[in-house]
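The primary structure of each chain is shown beneath.
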Amino acid sequence: MKQVVARVLSNKKLSSGCYVMWLEVPEVALMVKPGQFVMVLCRGEGQTSPLLRRPLSVHRIDGDRLALLYAAVGQGTGWLAGRKTGGQVDVLGPLGNGFTIDAGAKKLLLVGGGAMGIAPMIAFADEAVDKGLEVTVLQGVRNADLLYPQDELPSSVTFEAATEDGSVGRKEFVTGAIAELSPDHDRIYACGPIPMYQAIAGNTLILSSKPTQVCLEQMMACGWGVCYGCTIKTQNGLAKVCQDGPVFDINDVVWDSVVDPRIGRV
Amino acid sequence: MSASGTFGYGVDEAQKVDITKLGAVICKGIFLKPRDGNPQPRLVETPAGMLNSIGLQGVGIDKLISDYAPVWGKWDTPVIVNICGESADEYTEIAKRLDEVDGVSGLEVNISCPNLHKGGMEFGTDPQVAAQITSNVKAATSLPVMVKLTPNAPDIVSVARAVADAGADALSLINTIVGMAIDVVKQKPVLPNGIGGLSGPAIKPIALAIVYKVAKSVDIPIIGVGGISSANDALEFILAGASAVQIGTAGMINPDIFGQIVNGIQTYMQKTGTADISELVGKAGLR
Ligand SMILES: Cc1cc2nc3c(=O)[nH]c(=O)nc-3n(C[C@H](O)[C@H](O)[C@H](O)COP(=O)(O)O)c2cc1C
């Protein structure tokens, strides 16, 4: 883990409305693995809000550079969206444990729930393709506008979309699409909002079918194991999402102990 | 020093952060038994601050002594153990267990945690109860004992005086301030207990005023804590009467901050021709 000031190489808005920020940060990029994350300070020097760093999955890795995918929805990510090429961003990382690929895996189903859930899956697709594995990326979103641009994916990846309004791909929730696609795959990896995992975990059809790893998010203050803010229950006892995760086997997580970190406000 | 609960037990942390810059590591609050702590959610971000409701998740005294203390014993940086209790006797019991444990250099008595149903803060709001726990702990150990007070006491100066009279070697001021956040969609408090403990820059002026006030009323050293995020903040606490400071929330966010604050204080001392930091302690106080 290093705390470093990274240089912004680019910061562009995608058609999906999300931003991709490329950072030059060898101290992190050369060590980081797909599924790991960084804590990003989203404020200028001397400012106090937003106080806490924002956890962001590593979206792509390229030598000494890495990319982050984020939606400019709040004060912190709004500040990030305002960073220009040549600017500086303070990052802490790499943090947590990434996805693991066991020796028997051949056909991977990578699931991104929502516009942002796709974030770690692109770096992971890059890695899996490099290892010669067959990869399907499934993204579930409300409508076609929120889809990740497919020309950014490695060419050998099969892309599947599930939309709630049927504007593109399958007209269904992402859980339905997982159930349909899982027979053709031997491992499932998912990243998305907590209710999506709870739906998957409640769907015995999916659960019993294939080993599934999920990338969790809980509210974190530190990201490196000191605050105990992100503790959840697992079959192996208490676990810190930041340090013992964020990637867990879906069967290990006690899903009642996990909450949707979004706070309702007007 | 690293503030309790914001630097774990220091052992994993020492692999990630240079602890040689720290005057001491204060470990997470410990009870006799292991504890799960509170359910999620445990954190809420607030303007220039955060609320926590961790509920003192912890490994319990046996594991602390068997797994962590031996590692601390190899360090040059002293470790102070933050001790908690659901009853007055539990503090005494823990103090006895830790006496003469290699690797433990002092105790910080936590009578100020707002996130417990039993114990914690309720012992720190009444001067007599606080004094009783202090003298019990002092009698049970040969280690230096500092007592960490809560700003949620109706009269913190009386508590501070009572604890000092009961034999405390130092005071740490302050623990978190009771606060709350409500989810307007669910129409319920965000945190499971309703309330949590507020920390970070938002509480700094309050902590500073308390240090200033208490420093004029007691003769034992005060360790300032609450929102310190820079050398300037640390110097404010020292000038208000603190002999040392603890960094909590700011260190969780910026683990490199400990060294930066130490360097900043040294630079200030050079600029102002201060030979010894003790010259600054309480200098802003009207005497
Ligand atoms: C996540 C968290 C956990 C804490 N746990 C403890 C604890 O176990 N014992 C204790 O005495 N204080 C605990 N505190 C209080 C801090 O030690 C400190 O008094 C308080 O946060 C104010 O300082 P700060 O603004 O620098 O964080 C905790 C604070 C936070 C934020």
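Preceding this section is the structure that the text describes.
Residues numbered from 1 in each chain as written. Chains lettered and ligands numbered in written order. Predicted model: local features only at pLDDT ≥ 70, side-chain atom pairs only at ≥ 80, totals over all residues. Heavy atoms only, no water.

A. Expanded view of the overall build of chain B. What chain B contains, in helices and strands, is eight helices and 13 strands. In terms of overall dimensions, chain B is globule-like: its C-alpha atoms have a radius of gyration of 18 Å, near the 19 Å expected for 287 residues. Along the first, second and third principal axes, the C-alpha set of chain B runs to 50 × 50 × 40 Å. Taken across its 287 residues, chain B has 61% of its residues classed as buried. In chain B, 70% of the contacts between residues at least 6 apart in sequence involve partners at least 24 apart. Summed over its atoms, the accessible surface of chain B is roughly 11300 Å², and 52% of this surface lies on carbon and sulfur atoms. Positive and negative side-chain charges of chain B, numbering 22 and 28 respectively, have mean locations separated by a distance of 4 Å. (Helix = DSSP H or I, 4+ residues; strand = E, 2+ residues; numbered from the N terminus. Rg over C-alpha atoms; globule rule 2.2 N^0.38 Å. Buried < 20%, exposed > 50% of the residue type's maximum accessible area, 1.4 Å probe, protein only. Contact = heavy atoms within 4.5 Å. Areas by Shrake-Rupley, 256 points an atom, 1.4 Å probe, with all protein chains shown as cover. Lys, Arg positive; Asp, Glu negative; His and termini not counted. Charge placed at Lys NZ, Arg CZ, Asp CG, Glu CD.)

B. Representation of the overall build of chain A. Regarding its fold elements, chain A presents eight helices and 15 strands. For 266 residues, the compact-globule estimate of 2.2 N^0.38 gives 18 Å, and chain A sits close to it at 18 Å. Expressed as lengths along the three principal axes of its C-alpha atoms, the size of chain A is roughly 50 × 45 × 40 Å. Out of the 266 residues in chain A, the part that is buried amounts to 57%. At a minimum sequence separation of 6, the contacts of chain A that also span at least 24 residues come to 63%. Carbon and sulfur atoms make up 48% of the accessible area of chain A, which amounts to about 10700 Å² in all.

C. Just the interface of chain A and chain B, in detail. Facing 37 residues of chain A, the contacting portion of chain B comprises 36 residues. For the pairing of chain A and chain B, the buried interface totals around 3000 Å² over both sides, and the portion due to carbon and sulfur atoms is 60%. On the surface where chain A and chain B come into contact, there are one salt bridge. A salt bridge links Glu45(B) to Arg54(A); the nearest nitrogen and oxygen atoms lie 2.9 Å apart. Where chain A touches chain B, the interface holds 18 residue pairs in polar contact (both at pLDDT 80 or more). Looking at the side of chain A that touches chain B, the elements with two or more residues in it are β6 (88-95) and β13 (231-234) of chain A. Considering each element in turn, the side of chain A that touches chain B owes the most residues, three residues, to β13(A). Its residues assigned to classes, the side of chain A that touches chain B comprises 20 nonpolar, 10 polar and seven charged. (Buried area = accessible area lost by both parts, 1.4 Å probe. Salt bridge = Lys/Arg side-chain N within 4 Å of Asp/Glu carboxyl O. Polar contact = N/O pair within 3.5 Å; in protein donor to acceptor, adjacent residues only side chain to side chain. Nonpolar A, V, L, I, M, F, W, Y, C, P; charged D, E, K, R; others polar.)

D. Representation of the sheet that holds strand β9 (residues 158-163) of chain A. Residues and elements named next belong to chain A. Reading across the sheet, the seven strands line up as β10-β9-β8-β7-β11-β12-β15 and stay open at both edges, with mixed pairing between neighbours. Of all the strands in the sheet, just β10 (170-171) and β15 (247-249) have a single pairing partner and so form its edges. Two strands pair when backbone bridges link them, and strand β11 (residues 187-191) and strand β12 (residues 212-215) are joined in this way by four bridges, in the parallel orientation. Counted as the bridge partner of tyrosine 189 is glutamine 213 from β12. Helix α4 (residues 119-130) contacts β7 (107-113), β8 (134-141) and β11 of the sheet and is inclined by roughly 170° relative to β7. Along the sheet face, helix α6 (residues 194-202) touches β7, β11 and β12 and points at about 150° away from the line of β11. (Pairing = 2+ DSSP bridges. Axes fitted to C-alpha atoms, helices over the stretch in contact; angles between N-to-C directions.)

E. A look at the nonpolar core. Core analysis: the biggest nonpolar cluster contains 162 residues, and Trp72(B) and Ile83(B) have the highest contact counts within it. Not counting chain neighbours up to four residues away, the residues in contact with Trp72(B) comprise Tyr9(B), Val11(B), Cys27(B), Leu64(B), Val79(B), Val81(B), Gly103(B) and Val104(B). Within the second largest apolar cluster, 23 residues are counted, among which are Val8(A), Leu23(A), Val28(A) and Leu68(A). (Core = buried A, V, L, I, M, F, W, Y, C linked by side-chain atoms within 4.5 Å.)

F. Quick look at the pairing of β11(A). Residues and elements named next belong to chain A. Counting buried positions along β11 yields five of five residues, so the element is predominantly enclosed. Of the two faces of β11, the one holding Arg187, Tyr189 and Cys191 and the one holding Ile188 and Ala190 are both buried throughout. Strand direction decides the pairing type here: β7 and β11, joined by five bridges, are parallel. From the neighbouring strand, leucine 110 faces β11, where its bridge partner is tyrosine 189.

G. The arrangement of the packing of helix α6 (residues 231-240) of chain B against helix α8 (residues 257-271) of chain B in detail. All names here are of chain B. It is the contact of α6 with α8, at a shortest axis distance of 8 Å, that shows an interaxial angle of 65°. The hand of the α6/α8 crossing is right-handed. Across the interface between the two elements, Ala231, Ala234, Leu235, Ile238 and Leu239 of α6 pack against Ile261, Gly264, Ile265 and Tyr268 of α8. Taken together, the residues of the contact of α6 with α8 sort by class into eight nonpolar, one polar and no charged. (Left-handed = near helix turned anticlockwise from the far one by under 90°.)

H. Structural detail: the site of the ligand. Looking at the ligand, there are 24 residues lining it, with Ser4(B), Lys148(B), Gly200(B), Gly227(B) and Thr249(B) nearest. Each of chains A and B places residues next to the ligand. Measuring from an oxygen atom of the ligand, one finds a backbone N or O atom of Gly227(B) at 2.6 Å. Here Thr249(B) contributes a side-chain N or O atom positioned 2.6 Å from an oxygen atom of the ligand. (Near = heavy atom within 4 Å.)

I. Structural detail: the pattern of salt bridges. Residues and elements named next belong to chain A. If you walk through the whole model with that rule in mind, you get 20 salt bridges over all chains. With a closest N to O distance of 2.8 Å, arginine 65 and aspartate 62 form a salt bridge. Look at arginine 65 and you get partly exposed, because its relative accessible area is 29%. You can call aspartate 62 partly exposed: its relative accessible area is 39%. Of the charged contacts, one joins glutamate 180 and arginine 170 as a salt bridge, the two residues approaching to 2.4 Å between their closest N and O atoms. Taken as a pair, glutamate 180 in helix α5 (residues 174-181) and arginine 170 in strand β10 lie far apart in primary sequence, 10 residues in all. The class for glutamate 180 is partly exposed, based on a relative accessible area of 46%. The exposure class of arginine 170 is partly exposed, given its relative accessible area of 23%. What you see here is one network of salt bridges that share partners, running through Glu160, Arg170, Glu172 and Glu180.

J. The arrangement of a nonpolar patch on the surface in detail. A cluster of nonpolar residues, Val266(A), Met180(B), Ile182(B), Val184(B) and Val185(B), forms a patch on the protein surface that exposes about 550 Å² of accessible area. Summarising the element assignment, Ile182(B) is placed in strand β9 (residues 182-183). (Patch = residues over 30% accessible without salt bridge, like charges linked within 9 Å, V, L, I, M, F, W, Y side chains within 5 Å.)

Structural measurements only, silent on function.
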